[in-house]
Amino acid sequence: MASVVSILLGVAVSQNLLALALCALLLSGLPLRWPRIAFPLALFMLWTLVALAFSPDPRFGLAQIRKFYVFSTMLIVFSNITTLARAKWLTLAWMVVGTFTAGRGIFQYARDIVRWQATGEHIDFYHFYIADRIRGFMSHWMTFSGQELYILLLLAAFLLFAPGVRKYLWLLIPCAAVTGLALVFSKTRGVWVAAVFTGFYLLWCWNRWAALAMPVVLALGLLAGPSSVRERVVSIWQPHGQTDSNLHREITRRVGWQMIKAHPLVGVGPDEIIKEPVFSAYLPGDITRPLPDGYYGHLHNIYIQYAAERGLPAAIFITGALLMALVDFGRALRRAPPGRSDVRFLLQASIACVLGTMIVGLVEYNLNDTEVLTMFLAIMCLGYLGVARAACDETAG
């Protein structure tokens with residue numbers, strides 16, 4: 001629990017704790033358990049090894065093999081978090097620490113406003129801020145906002161579906177407000193879209209009238225909110241030139257498609273895209289240099305990224321894992337008794353987190369971030385705990 005909670009504060013401590021937990025588990029004599037999603041993820045890792053074997057520079061891609069260590073999170077969490085009470089304690093710990101990191105992000109936002117006002121330059125806050133946004137304890141705003149999305153979805157699912165919520169309202173409502181505000185200030189559009197869609201899903205499952213009112217509330221909030229937030233929303237379809245990454249992401253998608261067409265089975269090799277000559281070799285002829293501002297070390301899309309660097313089978317396996325989780329959680333949810341329950345909370349939270357991951361994955365290489373991947377794998381284990389408990393309840397019934 002300490003390992004997967006401390007990932008909100010940084011990688012080093014979390015991974016050291018992960019090593020200790022793994023050693024303790026292997027020495028404990030406890031049964032070693034993997035969730036069902038581990039099978040397609042194992043195929044994904046196996047195909048990564050195949051792609052590495054065919055890579056023009058296998059040594060360069062070894063970082064992706066070392067990342068396999070993070071997947072031991074599934075073994076540790078699923079073997080140890082075996083009761084609903086433990087799962088609830090884990091989610092509450094995430095909520096508290098996630099709120100703390102969100103608060104740090106809000107402080108950073110206020111500091112950036114002061115810095116902007118102190119510059120005296122003739123530049124609006126939007127252009128001053130977008131290139132260097134709040135990041136909490138993380139190294140990048142995308143990682144920060146990806147983690148805070150999970151925290152917000154856990155909070156929302158707990159409020160809507162967990163039993164005995166009233167005694168936690170004094171904690172949950174401030175946590176949700178701080179986390180939501182930090183996500184707004186992050187100005188991360190992909191996470192915003194994911195939050196809206198998954199929030200609508202959770203509300204629809206709870207109360208359809210509330211879900212239908214959600215767009216109206218968001219529209220009113222947008223009109224009453226800061227102009228920089230409205231500008232950021234509008235930039236989804238009307239970007240501010242190179243300040244926004246629309247054109248940059250379009251180029252990375254097209255380059256990725258060229259790579260997939262040239263190497264459909266094993267890709268160009270794990271992490272080979274980071275090399276500038278490799279990226280340039282697949283740049284479409286109608287795209288002229290200099291390229292728009294942006295990071296070209298990956299393709300900002302998990303589906304295209306995995307297919308381009310490791311081949312279509314790898315992309316199919318990772319997508320299949322996400323879809324399998326959705327199907328498994330959805331079936332278990334239909335078996336769960338109506339009304340509030342910890343099982344329903346875990347299943348709904350896990351479904352929302354899978355959907356959020358898939359949506360953000362359309363515009364970002366989110367599952368390559370150790371901080372995001374660790375939380376995602378742990379949440380999947382909680383979802384499969386809900387699946388097991390729903391099956392037990394059905395048998396007992």
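Coordinates for the structure precede this section.
Owing to the predicted nature of the structure, the values given are computational and were not obtained by experimental measurement.

1. Side note on the packing of aromatic side chains
Then comes step 1: If you walk through the whole model with that rule in mind, you get 14 aromatic pairs.
Then comes step 2: By the ring-pair criterion, three or more aromatic residues cluster together here, those being Tyr-109, Trp-116, Phe-125, Phe-128, Tyr-129 and Phe-185.
Then comes step 3: Above the plane of the ring of Phe-78 lies Arg-33, whose end atom (NZ or CZ) is 4.1 Å from the centre.
Then comes step 4: Across the ring face of Phe-60, the terminal group of Lys-275 is positioned such that the distance to the ring centre comes to 4.6 Å.

2. A look at the pattern of salt bridges
It is possible for side chains of opposite charge to pair when their charged atoms get near one another.
Then comes step 1: Following the criterion strictly, the structure yields 12 salt bridges and no others.
Then comes step 2: In this structure, the salt-bridge partner of Lys-275 is Glu-272, at a minimum N-O distance of 3.2 Å.
Then comes step 3: Here Glu-272 falls in the buried class, since its relative accessible area comes to 2%.
Then comes step 4: Across the salt bridge formed by Glu-276 and Arg-289, the nearest N and O atoms sit 3.1 Å from each other. Highlighted residues: Glu-276 in helix H14 (residues 276-281) and Arg-289 in the loop between H14 and helix H15 (302-310), separated in sequence by 13 residues.
Then comes step 5: Residues participating in the shared-partner salt-bridge network are Asp-57, Glu-272 and Lys-275.

3. Looking at the side chain of Ser-350
Then comes step 1: Along the polypeptide, Ser-350 turns up in helix H17 (residues 342-360).
Then comes step 2: Leaving out residues up to four positions away in the same chain, Ser-350 has contacts with Phe-329, Ile-379, Met-380, Leu-382 and Gly-383.

4. A word on the packing of helix H6 (residues 84-119) against H17
Then comes step 1: Here H6 crosses H17 at 50 degrees, and the two axes come no closer than 10 Å. In terms of their interaxial angle, H6 and H17 are classed as oblique. Crossing handedness for the pair H6 and H17: left-handed. Contact residues: Leu-84, Ala-87, Lys-88 and Thr-91 in H6; Asp-342, Val-343, Phe-345 and Leu-346 in H17.
Then comes step 2: Within the contact of H6 with H17, the residues separate by chemical class into 5 nonpolar, 1 polar and 2 charged.

5. Quick notes on unusual backbone geometry
Most peptide bonds adopt trans geometry, and most residues besides glycine take a negative phi value.
Then comes step 1: Across the junction of Arg-289 and Pro-290, the peptide omega takes the value 5 degrees, indicating a cis bond.
Then comes step 2: Here Pro-290 shows up in the loop between H14 and H15.
Then comes step 3: Positive phi, normally seen in glycine, also occurs at Asp-271, with a value near 65 degrees.
Then comes step 4: On the secondary structure map, Asp-271 appears in the loop between helix H13 (246-262) and H14.
Then comes step 5: Positive phi, normally seen in glycine, also occurs at His-300, with a value near 55 degrees.
Then comes step 6: Residue position: His-300 is located in the loop between H14 and H15.

6. A short note on the state of the cysteines
Then comes step 1: Inspection of the entire model under this criterion finds 0 disulfides.
Then comes step 2: Distance from the sulfur of Cys-381, which forms no disulfide, to the nearest cysteine sulfur (Cys-353) is 13 Å.
Then comes step 3: In this structure Cys-381 comes out as buried when scored by relative accessible area, which is 1%.
Then comes step 4: The closest cysteine sulfur to the non-disulfide-bonded Cys-392 is located on Cys-381, 17 Å from its own sulfur.

7. Re the environment of Ala-307
Then comes step 1: Topologically, Ala-307 is positioned in helix H15.
Then comes step 2: By relative accessible area, Ala-307 is classed as buried at 2%.
Then comes step 3: Sequence spacing of Ala-307 and Gly-267 is 40 residues, and the spatial spacing of their C-alpha atoms is 6.4 Å.
Then comes step 4: Setting aside anything within four residues of it in sequence, one finds Ala-307 in contact with Ile-260, His-263, Gly-267, Leu-312 and Ala-315.

8. Observations regarding the packing of H6 against helix H9 (residues 169-186)
Then comes step 1: Remark: H6 packs on H9, axes separated minimally by 8 Å, with the N-to-C direction vectors making an angle of 45 degrees. In terms of axis orientation, H6 runs oblique to H9. The handedness of the crossing between H6 and H9 comes out as left-handed. Mapping the contact onto sequence places Leu-92, Met-95, Val-96, Thr-99, Ala-102, Gly-103, Ile-106 and Tyr-109 in H6 and Leu-171, Leu-172, Cys-175, Val-178, Thr-179, Leu-181, Ala-182 and Phe-185 in H9.

What counts, and where the lines are drawn
Residues numbered from 1 in each chain as written. Predicted model: local features only at pLDDT ≥ 70, side-chain atom pairs only at ≥ 80, totals over all residues. Heavy atoms only, no water. Phe/Tyr/Trp six-rings, centres within 6.5 Å; stacked < 30°, edge-to-face > 60°. Lys NZ or Arg CZ within 6 Å of the ring centre and 35° of its normal. Salt bridge = Lys/Arg side-chain N within 4 Å of Asp/Glu carboxyl O. Buried < 20%, exposed > 50% of the residue type's maximum accessible area, 1.4 Å probe, protein only. Helix = DSSP H or I, 4+ residues; strand = E, 2+ residues; numbered from the N terminus. Contact = heavy atoms within 4.5 Å. Axes fitted to C-alpha atoms, helices over the stretch in contact; angles between N-to-C directions. Parallel < 35°, antiparallel > 145°, perpendicular 65-115°, else oblique. Left-handed = near helix turned anticlockwise from the far one by under 90°. Nonpolar A, V, L, I, M, F, W, Y, C, P; charged D, E, K, R; others polar. Disulfide = S-S within 2.5 Å.

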